[in-house]
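Listed below, chain by chain, are the residues.
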Number of protein chains: 2
Amino acid sequence: MLVGTLMSKTFAELLDASAQSVRGAIRANLYDGHTAGLGGPRLQANLAILPEQYALDFLRFCQRNPKPCPLVGVSDTGNPIMETLGNDIDIRTDVPAYYVYEHGTLTHTQTDLTDIWRDDFVSFALGCSFTFEHALLDAGFSLWHIENNTTVPMFETSIPTIPAGPFSGPMVVSMRAIPNDRIHEVIEISKMFPLAHGAPVHIGDPAAIGINTTDQPDWGDAAPVPDGTTAVFWACGVTPQAAIRTAKPPISITHKPGHMLITDIPDDAETPIFQTHHHPTGDNT
Amino acid sequence: MLVGTLMSKTFAELLDASAQSVRGAIRANLYDGHTAGLGGPRLQANLAILPEQYALDFLRFCQRNPKPCPLVGVSDTGNPIMETLGNDIDIRTDVPAYYVYEHGTLTHTQTDLTDIWRDDFVSFALGCSFTFEHALLDAGFSLWHIENNTTVPMFETSIPTIPAGPFSGPMVVSMRAIPNDRIHEVIEISKMFPLAHGAPVHIGDPAAIGINTTDQPDWGDAAPVPDGTTAVFWACGVTPQAAIRTAKPPISITHKPGHMLITDIPDDAETPIFQTHHHPTGDNT
């Protein structure tokens, strides 16, 4: 934490910076806060880093659970650069804060992975809800957690994921209160973003998916469900953290919730592949 | 080949059969023809089968090249059942015809893999263009290869894929002639199907993507580009066959072009995961 030092950057100072500039500030240890709203309309991503021996099963887990785990990037083994997600993205340094797990148990948070990087690490980037939230805001929805500068409430559910090797466990969801007469609209909008969890997985009664009370989220901050609104639940990129708890790899790393990887991919891109050369028209620029 | 035997089924006899019934006829060696139009509005898939030591890199190759290689299913190692794609899909027997490669070279075609199945095989299903063709037909487009009962023309291009481990090589595309005044419409329609190659990768001049003449496709049958139409090119699921030629695994298997895996996934499903239990409304049926 460098908050309070002369060199640190505040959230407000970074608000108009490009994705690459924000990553530069994070890499230089000048910012370790949350990334909601930073980097412009760029795809942001959840992160998981695992030893190669877990990589094939984790990829299978993502493919089988595309709503909580929409895979947008995967590194070569041992290569810390996420080649397909942007210009010079070093996964060891360019995320504001990391959770480190040993045998599936969170042991500590750190802001730089350089000292613990291994040649057998494979990094996985998974799409996140910021993308469809952006689209909802554009459509005139107000989202309580954004207006109140809190983190969206997230809950473990009774919905099982489809297992792959040692990876299994409950689906984690995020909750947003939506006006009753606009439910259909949020379904249609969020469905357009399959790389950002897509359409909701549940609408209405939280108890039906194993959530006893919406007042006590498992991650993030509580948010109200006012009269005239309905609790709507989307699959959440924290789900892999639950699966990692089950798989118990000797070491693994994720982003700290809310503290995402900011890519250079436009958040309305058809595919999450950083393009500098070929365009559909045949122009090579 | 059982064509001509008393027990064989004709294409016409299978036209109204369910996906599972068509797979049953294929499994029983009663049909080994192409699958276009069979099984109803179900997702059909390209197939690749590789030894496990190639699986991680092949998954990376698919993730990095989502337009030619939209991954819709991946098996557990050694398990011939594609659990997430439908009810009792045995990948050894349920595809009409397979290409077998040794060290990247096509050696022969067979209609059943039971005798060469290995405990280290991993099967990959990739989305195919039949899905968006169905949508184009519904929108009133006529597609020459369908009207003339031929296979769509496919070409190797000068567009490179993004490599992963030993997998690399040119993108393969399929070509359809589209009326000049409806190009925008086909872009919008096909873009809605990211698991079926999405929007075109090139429109217009074939030479710009390394195709010297459209009269001599590398796979499939030639089709005209009449006056008033434009050649439109989509990424094609034959691309992995070119990448396998480059990677030269000791053994690998694909479907024979046009002879696809018919899944039980509705072709307008949000995700390619066979659902019998949980629904977004919270109903568990």
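Residues numbered from 1 in each chain as written. Chains lettered and ligands numbered in written order. Predicted model: local features only at pLDDT ≥ 70, side-chain atom pairs only at ≥ 80, totals over all residues.

Another aspect to go through is the overall build of chain A. Across its full length, chain A carries seven helices and 11 strands. For chain A, whose C-alpha radius of gyration is 18 Å, the value lies close to the compact-globule estimate of 19 Å for 285 residues. Once the C-alpha set of chain A is aligned to its principal axes, its extents read approximately 50 × 50 × 40 Å. Sorting the 285 residues of chain A into buried and exposed places 49% on the buried side. Taking as baseline every contact in chain A between residues at least 6 positions apart, the subset at least 24 positions apart corresponds to 75%. (Helix = DSSP H or I, 4+ residues; strand = E, 2+ residues; numbered from the N terminus. Rg over C-alpha atoms; globule rule 2.2 N^0.38 Å. Buried ≥ 20, exposed ≤ 12 C-beta atoms within 10 Å, placed from the backbone. Contact = placed C-beta atoms within 7 Å.)

A few words on the sheet that holds strand β9 (residues 229–235) of chain A. Residues and elements named next belong to chain A. Pairing is antiparallel in the open sheet, where four strands are placed in the order β6-β7-β9-β8. Edge positions in the sheet fall to β6 (154–160) and β8 (202–203), since each of these pairs with one other strand and no more. Taken together, the two bridges between β8 and β9 define a ladder with antiparallel strand orientation. Each residue of the ladder has a partner; that of Ile203, found in β9, is Val232. Across the sheet, helix α6 (residues 183–191) touches β7 (170–179), β8 and β9, and the angle it forms with β9 is around 20°. (Pairing = 2+ DSSP bridges. Axes fitted to C-alpha atoms, helices over the stretch in contact; angles between N-to-C directions.)

Right, let's talk about the interface of chain B and chain A for a bit. At the junction of the two partners, chain B supplies 32 residues and chain A supplies 32 residues. Mapped by element, the contributors of at least two residues to the side of chain B that touches chain A are α3 (55–64), β2 (71–74) and β8 (202–203) of chain B. For the side of chain B that touches chain A, the leading source of residues is α3 of chain B, giving six residues. Of the residues in the side of chain B that touches chain A, the class split is 17 nonpolar, nine polar and six charged. (Nonpolar A, V, L, I, M, F, W, Y, C, P; charged D, E, K, R; others polar.)

The subject of this paragraph is the domain arrangement of chain A. All names here are of chain A. Domain assignment breaks chain A into domain 1 (15–128 + 245–266) and domain 2 (130–239). Each of domain 1 and domain 2 has a C-alpha centre, and these two points are 21 Å apart. Domain 1 puts 25 residues into the contact, and the matching count from domain 2 is 28 residues. Counting residues per element, the ones that place at least two in the side of domain 1 that touches domain 2 are β1 (42–51), α3 (55–64), β5 (121–127) and α7 (239–247). Per-element tally for the side of domain 1 that touches domain 2: the top contributor is α3, with five residues. Grouping the amino acids of the side of domain 1 that touches domain 2 by side-chain chemistry returns 13 nonpolar, seven polar and five charged. (Domains from an automatic or database assignment.)

The next subject is the pairing of β9 of chain A. All names here are of chain A. Buried residues dominate β9, accounting for five of its seven residues. Here β7 runs beside β9; their pairing, made up of seven bridges, is antiparallel. Residue Ile178 lies in a different strand from β9, and its bridge partner there is Thr230.

All names here are of chain B. Taken together, the four strands give an open sheet; going across it, the order is β6-β7-β9-β8, and neighbouring strands pair in antiparallel fashion. Two strands lie at the open edges of the sheet, namely β6 (154–160) and β8, each paired on one side alone. Strands in contact with helix α6 (residues 183–191) are β7 (170–179), β8 and β9 (229–235); relative to β9, the strand with the most contacts, it is inclined by about 15°. Here helix α7 (residues 239–247) sits on the sheet in contact with β6, β7 and β9, set at roughly 160° to β7.

One copy of the chain maps onto the second through a rotation about an axis and a displacement along it. With an RMSD of 0.0 Å, chain B superimposes on chain A once it is rotated by 180° and translated 0.0 Å along the axis. When the rotation and shift are considered jointly, the pair of chain copies conforms to a two-fold rotation axis. For chain B, the residue whose C-alpha comes nearest the rotation axis is Leu56 of chain B, separated from it by 2.7 Å. Interface overlap between copies is the fraction of interface residues in one copy that are interface residues in the other; for chain B against chain A it reaches 100%, indicating a shared surface. (Least-squares fit on C-alpha atoms with pLDDT ≥ 70 in both.)

Residues and elements named next belong to chain A. For chain A, the average pLDDT comes to 92, and 94% of its residues sit at 70 or higher. The low-confidence segment residues 277–285, where pLDDT is below 50, has 15 contacts with residues more than four positions distant or belonging to other chains. Both confidence scores are given for the complex: pTM 0.93, ipTM 0.92. (pLDDT = per-residue confidence, 0-100.)

One finds Phe58 and Val173 of chain A together with Phe58 and Val173 of chain B to be the most contacted residues of the largest nonpolar core, which totals 160 residues. The contacts of Phe58 of chain A, once residues within four sequence positions are left out, are Ala48, Leu50, Phe124 and Phe167 of chain A. (Core = buried A, V, L, I, M, F, W, Y, C linked by C-beta atoms within 7 Å.)

Before going further, it helps to spend a moment on helix α2 (residues 19–27) of chain B. Since one α-helical turn is 3.6 residues long, residues separated by three or four positions face the same way. All names here are of chain B. Ala19, Val22, Arg23, Ala25 and Ile26 are the residues of α2 that are buried. One side of α2 holds all its buried residues, which, seen down the axis, span an arc of 160°. In this structure, the buried residues of α2 make contact with α1 (11–14), β1 (42–51) and β11 (261–266). At the exit of α2 stands Asn29, carrying a positive phi of roughly 60°. (Arc of directions from axis to C-beta.)

What follows covers the packing of helix α4 (residues 130–138) of chain A against α6 of chain A. Residue and element names in this part refer to chain A. Viewed as axis vectors pointing N to C, α4 and α6 meet at an angle of 130°, and their least axial separation amounts to 9 Å. Overall, the two elements α4 and α6 adopt an arrangement that is oblique. In this structure, α4 meets α6 at a crossing whose hand is right-handed. Contact with α4, carried on its side by Phe132, Ala135 and Leu136, involves Val186, Ile189 and Ser190 of α6 and no other residues of that element. For the contact of α4 with α6, the residue count by class is five nonpolar, one polar and no charged. (Parallel < 35°, antiparallel > 145°, perpendicular 65-115°, else oblique. Left-handed = near helix turned anticlockwise from the far one by under 90°.)

Residue and element names in this part refer to chain A. The backbone of His103 sits at a positive phi, close to 50°, despite the residue not being glycine. Along the chain, His103 falls in the loop between β3 (98–102) and β4 (105–110). For His103, a count of 12 C-beta atoms within 10 Å corresponds to the exposed category. Here the phi dihedral of His197 falls at roughly 80°; this positive angle occurs in a residue that is not glycine. Within the secondary structure, His197 sits in the loop between α6 and β8. Residue class for His197 comes out buried when judged on the 27 C-beta atoms lying within 10 Å of it.

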